[in-house]
Amino acid sequence: RVLSLVGRGGSSKVFKVMSADGSVYALKRVSLKNLDDFTFSSYLNEIDLLARFTAAGAPNVIRLIESEVNRASGHLLILMEFGETDLAKLLRERKE
């Protein structure tokens with residue numbers, strides 16, 4: 001169940017979602033429509049990096065829960081642990 005929209009980029013939106021058991025996650029939904037190969041590759045690299053950090057138990061890194069590329073629907077989905085802040089916000093606050 002979608003709780004709210006928490007962010008958006010050029011080809012993606014991030015939603016705060018709740019699972020059937022009440023767990024809260026972040027769901028990044030990327031539109032594959034008009035996505036160039038370099039950008040698509042960047043998203044795949046993001047998934048790979050999150051998977052490696054998750055497997056290693058890296059502290060202070062958002063855990064990857066699941067990912068899916070669905071070319072039929074034209075979307076890439078990345079389900080992650082929900083964090084209360086993001087790196088961009090943290091860097092802006094430190095700069096001020």
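For the structure, see preceding data.
Residues numbered from 1 in each chain as written. Predicted model: local features only at pLDDT ≥ 70, side-chain atom pairs only at ≥ 80, totals over all residues. Heavy atoms only, no water.

*Asks:* Go over the sheet that holds strand 3 (residues 24–31), please, and point to the residues and values.
*Replies:* Two strands in a sheet stick together by hydrogen bonds in their backbones, pointing the same way (parallel) or opposite ways (antiparallel). Read from one edge to the other, the open sheet built from five strands follows the order 1-2-3-5-4, with strand pairing classed as antiparallel. The open sheet has two edge strands, strand 1 (2–8) and strand 4 (64–70), and neither has a second partner. Adjacent strand axes in the sheet meet at a mean angle of 20°, parallel and antiparallel pairs treated alike. Note that strand 4 and strand 5 (residues 75–81) share six bridges and pair antiparallel. In the strand pairing of strand 5, L64 is matched with M80. (Pairing = 2+ DSSP bridges. Helix = DSSP H or I, 4+ residues; strand = E, 2+ residues; numbered from the N terminus. Axes fitted to C-alpha atoms, helices over the stretch in contact; angles between N-to-C directions.)

*Asks:* I'd like a description of the nonpolar core, backed by residues and values.
*Replies:* Among the nonpolar cores identified, the biggest contains 13 residues, and L35, L76 and I78 are the most heavily contacted of them. Secondary-structure elements contributing two or more residues to this core are strand 3, helix 1 (37–56) and strand 5. Ranked by residue count, the leading element in this core is helix 1, at four residues. Non-local contacts of L35, meaning those with residues more than four positions away in its chain, are made with S11, V30, F40 and Y43. (Core = buried A, V, L, I, M, F, W, Y, C linked by side-chain atoms within 4.5 Å. Buried < 20%, exposed > 50% of the residue type's maximum accessible area, 1.4 Å probe, protein only. Contact = heavy atoms within 4.5 Å.)

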